[in-house]
Structures are given as C-alpha cells and as structure tokens.
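Residues per chain, in single letters:
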Amino acid sequence: MQHLSSIILIAAIGKNQELGRNNDLLWRLKSDMQFFKTLTSGHWVIMGRKSWESLPPRFRPLPNRTNAVVSRNADFSAEGAHVFSNLQSAIDEARTLQAEKIFIIGGAQIYRQAIEEKLVDEMYLTHVNGSFDDADVFFPVIEESYWHIQEIGRFDADLNNEFSGRFLHYTKNAVKF
Ligand SMILES: NC(=O)c1ccc[n+]([C@@H]2O[C@H](COP(=O)([O-])OP(=O)(O)OC[C@H]3O[C@@H](n4cnc5c(N)ncnc54)[C@H](OP(=O)(O)O)[C@@H]3O)[C@@H](O)[C@H]2O)c1
C-alpha cells in the first residue's frame, strides 16, 4: 500500500533563476543551509547523480535523511544512499516505505522533470539577491498562476551570508489545472 506522501521541491535561485556553476553552488549562505537542514531533516531527499557528487564528502549522505540518487547508469552506486533508475521509482519506493515528506533537492535536470511532470505539491524557493553571469544551470520558469506564494522569512547579507535573500513558500492554487 502506498502512502500519500507530499512531494516538496526545495531550491535556492538567483535573480535570473541561476542554480549553480561547475557542479557547485554560486554562493555561501549559512541561513539557507540552516533552512534546508531544518526542513529536510528526518525525511527523504531525492537528487540527481551530479548533485550527489557535488556534495562535500563529509555531508554525503546528508545526515538524518534518507538519501536517494537517480542515475541512468546501472553500474552507479552511492555509499549511504539508495540509487534509482528514474525519479518516479524513487518516489514510489519512498511512498511504499510510508515516507511522510519527500523533498526534491535538485539539481536542474531533476527540478525540471519534477515540475514538467507536475509531481510537486509544494515548493520552498530561496530567492537570492544576486545575478550570476557565469551560471551554467538554471531553475525552470514556473507558471506563477499555478502557485499561491507566501514569504516566510528573509536574511541580510552579512559575514555568514554573501547575499541577502527571501524564503518563499509555494503551495498549489485551489484552481485545477
Ligand atoms: N541552488 C540550488 O538550490 C541547487 C540545488 C541542487 C543542485 N544545485 C546545482 O545544480 C547543479 C547540478 O544540476 P544538474 O542539472 O547538472 O544535475 P542533476 O540534476 O543533479 O543530476 C543530473 C543527473 O541525474 C541523472 N538523471 C537525470 N534525469 C534522470 C532520469 N530521468 N532518470 C535517471 N537518471 C536521471 C543523470 O545521471 P547519470 O548521468 O548518472 O545517468 C544526470 O546526469 C550543480 O551546479 C549544483 O550545485 C543547486
């Protein structure tokens, strides 16, 4: 029996939807790291193989979370994580195991598929107040009318945060699409 888990996407994006460069992030934001950790701890996190490889080895697998990695490479293995051959089978397994919340944590390819396939129930997007000309991966443009958007927090640029930013929570609008 599958559980009705919610599927929650979480990402930090620049002013032009920038996500990363050279398989790394574009910023050091302690407040965002803390926000990510608080929300995802105790839950499933699903990521693409490149994002898994971008994690610093000491944070791999992400502690106190069930880590799931998707790869088309049947020989790929990730110590401390479950590996799946596609996003849907990772979600199916999490549901079979009664996961309450399933977080989609990137990167660009995985976000795009999750949004295009309308798998996502909620999103937490950190809007970073910076533009990055050399970014090489971007968050997809989303249909604003599909979402009810609420600001749930913000942070200033300071010693811990290279840029200021806002935490926005997106829930699906009542209108059926
Ligand atoms: N700002 C943020 O919040 C945030 C969050 C996460 C990541 N990032 C950044 O995003 C970048 C990485 O994103 P990315 O788009 O290059 O890579 P990605 O989405 O993390 O991983 C892509 C890989 O996932 C696998 N994959 C994708 N679609 C699949 C499918 N349908 N079935 C099975 N496997 C599939 C493939 O692995 P194989 O090649 O092994 O088949 C593919 O190469 C980095 O710069 C990272 O720092 C930013």
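Residues numbered from 1 in each chain as written. Predicted model: local features only at pLDDT ≥ 70, side-chain atom pairs only at ≥ 80, totals over all residues. Heavy atoms only, no water.

A. Seen up close, the packing of aromatic side chains. In the structure shown here, the tally under the stated rule is nine aromatic pairs. Measuring from ring centre to ring centre gives 5.9 Å for F35 and Y124, while their planes differ by 75°; the resulting arrangement is edge-to-face. On the criterion of sequence distance, the pair formed by F35 in helix α1 (residues 30–40) and Y124 in strand β7 (residues 122–128) is long-range, its members being 89 residues apart. For the pair shown, F35 and Y124 are each scored as buried. Between the aromatic rings of F132 and F163, the centroid separation amounts to 5.2 Å while the plane-to-plane angle is 80°, which identifies the pairing as edge-to-face. With F132 in the loop between β7 and β8 (137–138) and F163 in the loop between β9 (147–155) and β10 (165–172), the pair connects residues that are 31 residues apart, well separated along the chain. Taking the relative accessible area as the measure of exposure, F163 reaches 22% and is therefore partly exposed. Ring pairs connect the aromatic residues F35, Y124, F155 and F167, which therefore count as one cluster. (Phe/Tyr/Trp six-rings, centres within 6.5 Å; stacked < 30°, edge-to-face > 60°. Helix = DSSP H or I, 4+ residues; strand = E, 2+ residues; numbered from the N terminus. Buried < 20%, exposed > 50% of the residue type's maximum accessible area, 1.4 Å probe, protein only.)

B. Structural view of the pattern of salt bridges. Tallied over the full model, the rule gives six salt bridges. Between D134 and R21 there is a salt bridge; the shortest N-O distance is 2.7 Å. Here R21 lies in the loop between β2 (18–20) and α1 and D134 lies in the loop between β7 and β8, a separation of 113 residues in the sequence. Notably, a salt bridge pairs E53 with R49, separated by 2.9 Å at the nearest N-O pair. In this pair, E53 and R49 both sit in helix α2 (residues 49–54), four residues apart, roughly one turn of the helix. R49 gets classed as partly exposed once you look at its relative accessible area, which sits at 32%. Here the salt bridges do not stand alone but share partners, grouping E151, R154 and R166 into one network. (Salt bridge = Lys/Arg side-chain N within 4 Å of Asp/Glu carboxyl O.)

C. How the structure looks around the pairing of strand β4 (residues 66–70). Judged by how many residues are buried, β4 sits mostly within the fold: four of five residues are covered. As paired strands, strand β3 (residues 44–48) and β4 are joined by five bridges and run parallel to one another. Counted as the bridge partner of M47 is V69 from β4. The parallel pair β3 and β4 is bridged by α2, and the resulting crossover is right-handed. Where β4 lies against strand β5 (residues 82–84), three bridges are found, and the strand directions are parallel. Looking across to β5, one finds that V69 is bridged to V83. (Pairing = 2+ DSSP bridges. Right-handed = clockwise from strand over helix to strand, strands pointing away.)

D. Here's a closer look at the nonpolar core. Among the nonpolar cores identified, the biggest contains 32 residues, and L9, I46, I104, M123 and F139 are the most heavily contacted of them. Among the elements of the structure, β1 (6–13), β3, β4, α3 (87–96), β6 (101–104), α4 (108–116), β7 and β10 are those that each provide at least two residues to this core. In terms of residue count, the dominant contributor to this core is α4 (five residues). Those residues in contact with I104 that lie beyond four places of it in its chain are I7, I8, L9, I10, I46, L87, I110, Y111 and A114. Counting 25 residues, the second largest nonpolar core, distinct from the first, contains F35, M47, A81 and F132. (Core = buried A, V, L, I, M, F, W, Y, C linked by side-chain atoms within 4.5 Å. Contact = heavy atoms within 4.5 Å.)

E. α3, seen in detail. Turning to α3, its buried residues number three or more, namely L87, A90, I91, A94 and R95. One side of α3 carries all its buried residues, which in axial view fall inside an arc of 135°. Of the residues flanking the start of α3, the one acting as N-cap is N86, its side-chain oxygen 3.2 Å from the backbone nitrogen of Q88. Residue Q98 follows α3 closely and has a positive phi angle near 65°. (Arc of directions from axis to C-beta. Polar contact = N/O pair within 3.5 Å; in protein donor to acceptor, adjacent residues only side chain to side chain.)

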